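Listed here are the chains, written in short residue letters.
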Amino acid sequence: MENFKNKEELFSKLSQYSDSYNNDYFNRDLYLEHFEELRYVDNGDFYIFIKNRDYFDTYFYLKAQNPLEVDDKLVTEIVGRDIDIVPLEKVGFKRYLTRVRFRLKEAPDYFSKRVRSIDDFDFIKDGIDSFDEISGNIHSDARIHSDIENKRIIGIQGKGFLQFSVGRFEQTIEHLYVKDAYRGEGVAREMLMHYLSNEKFKKRQTVWANEGYFVENLYLDCGFKKDGMKSIVLTR
């Protein structure tokens, strides 16, 4: 892996591979935000890496599908309706799991007196750290503090929380967490219903869930529908 000499080199390489099979998703803002941390490999294919704990998030541009000689643990993701992972399998990636996207069709009318903004950093961090290391969207301490400051984490103190993000075009649930001792008591439903009724900043509301997990039924019951989009997470 190499460091980019400057931002001009980054954008020059991106332009060279613009017609390649890739999972870039117009991530240039992300690349600029993490520029000092970026690493790359250019071996006839082009890979950009961002360190995430003990693995690298991988953004790829595949043309020749040459062998990738990197020893570090890599994680990548492809989003779409009809996803072809064969090019990635050729360079050593294997399917880890599949996620499906839900989009809100009808918001409930609901209010909970117990649900409010949560600012307990340790409680939130412990909850987020309990999610799967690879597919669980594990956020940095800085991201958690930012979401606390911007009141994007709501919940019932000591029992659970819902963390969300607000993008340019849509609003997305990032984590829905309930402490083990309180599962089965309707805490997740209460937080989700309150959120959908009282924390809407964008018309488009989405959430991703691991395919086949019980939480799918919760989202369907609360007004979401699967929209046909899938995400395949792969590791190497």
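Here the structure is shown first, and the text comes after it.
Fair warning: this is a prediction, and the values are worked out from it, not measured in the lab. (Residues numbered from 1 in each chain as written. Predicted model: local features only at pLDDT ≥ 70, side-chain atom pairs only at ≥ 80, totals over all residues. Heavy atoms only, no water.)

Engineer: Looking at this structure, I do not really get the pairing of strand 8 (residues 153-156). What am I missing?
Structural biologist: Side-chain positions along a regular strand alternate between the two faces of the sheet. Burial along strand 8 is two-sided: the face carrying Ile-153 and Gly-155 and the face carrying Ile-154 and Ile-156 are both buried. In this structure, strand 7 (residues 116-117) lies alongside strand 8, joined through 2 bridges in antiparallel fashion. The partner of Arg-116 across the bridge, within strand 8, is Gly-155. Across 4 bridges, the pairing between strand 8 and strand 9 (residues 160-166) is antiparallel. Looking across to strand 9, one finds that Ile-154 is bridged to Leu-162. Taking the residues between adjacent antiparallel strands as the criterion, strand 8 and strand 9 are bridged by 3 residues, where Gly-158 takes a positive phi near 85°. (Buried < 20%, exposed > 50% of the residue type's maximum accessible area, 1.4 Å probe, protein only. Helix = DSSP H or I, 4+ residues; strand = E, 2+ residues; numbered from the N terminus. Pairing = 2+ DSSP bridges.)

Engineer: How should I be thinking about the nonpolar core in this particular structure?
Structural biologist: Nonpolar side chains in soluble globular proteins generally cluster together in the buried interior. Within the largest apolar cluster, 24 residues are counted, with the highest numbers of intra-cluster contacts made by Leu-162, Ile-173, Leu-192, Tyr-195, Tyr-219 and Phe-224. Among the secondary structure elements, those contributing two or more residues to this core are strand 6 (94-104), strand 8, strand 9, strand 10 (171-178), helix 6 (187-198), strand 11 (205-210) and helix 7 (215-221). Take this core: its biggest share by element is 7 residues, from helix 6. For Phe-224, the residues in contact, after removing those within four places along its chain, are Phe-102, Arg-103, Leu-104, Lys-105, Ile-173, Leu-192, Leu-196, Gln-205, Thr-206, Val-207 and Tyr-219. Within the second largest apolar cluster, 16 residues are counted, among which are Tyr-47, Leu-62, Leu-74 and Phe-93. (Core = buried A, V, L, I, M, F, W, Y, C linked by side-chain atoms within 4.5 Å. Contact = heavy atoms within 4.5 Å.)

Engineer: Got a minute to help me understand the pairing of strand 2 (residues 39-42) in this structure?
Structural biologist: Relative to strand 3 (residues 46-52), strand 2 runs antiparallel, the two sharing 4 bridges. Bridge pairing in strand 3 places Asp-42 opposite Phe-46. The turn linking strand 2 back onto strand 3 is made up of 3 residues, and Gly-44 within it adopts a positive phi angle of 100°.

Engineer: Explanation requested: helix 6 in the structure shown.
Structural biologist: In an α-helix, one full turn covers 3.6 residues, which means residues spaced three or four apart are oriented alike. Under the 1.5 Å per step criterion, the end-to-end length of helix 6 is 16 Å for 12 residues, consistent within 8% with the ideal 16 Å. For helix 6, the tally of buried residues reaches 9 of 12 residues, placing the bulk of the element in the interior. What helix 6 keeps buried is the set Val-187, Ala-188, Glu-190, Met-191, Leu-192, Met-193, His-194, Tyr-195 and Leu-196. (Expected span 1.5 Å × (residues − 1).)

Engineer: Looking at this structure, how should I read the packing of helix 4 (residues 121-129) against helix 5 (residues 141-149)?
Structural biologist: Two measures define how a pair of helices packs: the angle their axes make with one another and the distance between the axes. Put simply, helix 4 and helix 5 touch, their axes get as near as 11 Å, and they point 125° apart. With respect to each other, helix 4 and helix 5 are oriented oblique. The two elements helix 4 and helix 5 meet at a crossing, and its hand is right-handed. Facing Phe-121, Ile-124, Lys-125 and Ile-128 of helix 4, the residues of helix 5 in contact are Asp-141, Ile-144, His-145 and Ile-148. Here the residues of the contact of helix 4 with helix 5 sort into 5 nonpolar, 1 polar and 2 charged. (Axes fitted to C-alpha atoms, helices over the stretch in contact; angles between N-to-C directions. Parallel < 35°, antiparallel > 145°, perpendicular 65-115°, else oblique. Left-handed = near helix turned anticlockwise from the far one by under 90°. Nonpolar A, V, L, I, M, F, W, Y, C, P; charged D, E, K, R; others polar.)

Engineer: Would you explain the pattern of salt bridges in this entry?
Structural biologist: In the structure shown here, the tally under the stated rule is 15 salt bridges. Between Lys-63 and Asp-19 there is a salt bridge; the shortest N-O distance is 3.5 Å. You can see Lys-63 sitting in the loop between strand 4 (55-62) and strand 5 (74-80) and its partner Asp-19 sitting in the loop between helix 1 (7-16) and strand 1 (21-22), a full 44 residues away along the chain. Measuring nitrogen to oxygen at the nearest pair gives 3.5 Å for the salt bridge that ties Asp-221 to Arg-189. With Asp-221 in helix 7 and Arg-189 in helix 6, the pair connects residues that are 32 residues apart, well separated along the chain. (Salt bridge = Lys/Arg side-chain N within 4 Å of Asp/Glu carboxyl O.)

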